[in-house]
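For reference, the chains in residue letters:
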Amino acid sequence: MPRFRITYDRGNCVAAGACAAVDDVHFAINAKDGKADLVGGREVKPGIFELEVDSDELARHAESVCPAAVISVKKISD
Ligand code: SF4
């Protein structure tokens with residue numbers, strides 16, 4: 001089964017909210033600062049979060065609508 005990695009640069013999120021509107025499985029708006037949280041993600045560097053998933057469909061939608069281009073989705077195995 002293919003695996004994908006979502007990488008999210010939370011530090012540069014501009015709190016637009018578009019990601020969570022199209023992918024509420026992986027992105028949730030944090031009520032404190034209005035930025036998105038990557039649900040279940042782990043912080044791999046300060047402000048950079050990653051999450052590995054089996055399906056990229058929703059996350060690629062989020063990637064495509066983020067005006068700050070802080071979401072990326074890559075295939076990591078076949
Ligand atoms: S769409 Fe992009 S800028 Fe807007 S909340 Fe989501 S990650 Fe942040």
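Computed from a predicted structure; not experimentally measured.

Caption draft 1: Focus on the site of the ligand. Near the ligand there are 14 residues, and of these Cys13, Ala16, Gly17, Cys19 and Cys66 occur at the shortest range. Partitioned by chemical class, the residues of the shell around the ligand number 13 nonpolar, one polar and no charged.

Caption draft 2: Layout of the pattern of salt bridges. For the structure shown, the criterion picks out nine salt bridges. Taking the shortest distance from any N to any O, the salt bridge between Arg5 and Glu52 comes out at 3.4 Å. Of the two residues, Arg5 is situated in strand 1 (residues 3-9) and Glu52 in strand 5 (residues 48-53); the sequence distance between them amounts to 47 residues. By relative accessible area, which is 40% here, Glu52 ends up partly exposed.

Calculation rules
- Residues numbered from 1 in each chain as written.
- Predicted model: local features only at pLDDT ≥ 70, side-chain atom pairs only at ≥ 80, totals over all residues.
- Heavy atoms only, no water.
- Near = heavy atom within 4 Å.
- Nonpolar A, V, L, I, M, F, W, Y, C, P; charged D, E, K, R; others polar.
- Salt bridge = Lys/Arg side-chain N within 4 Å of Asp/Glu carboxyl O.
- Helix = DSSP H or I, 4+ residues; strand = E, 2+ residues; numbered from the N terminus.
- Buried < 20%, exposed > 50% of the residue type's maximum accessible area, 1.4 Å probe, protein only.

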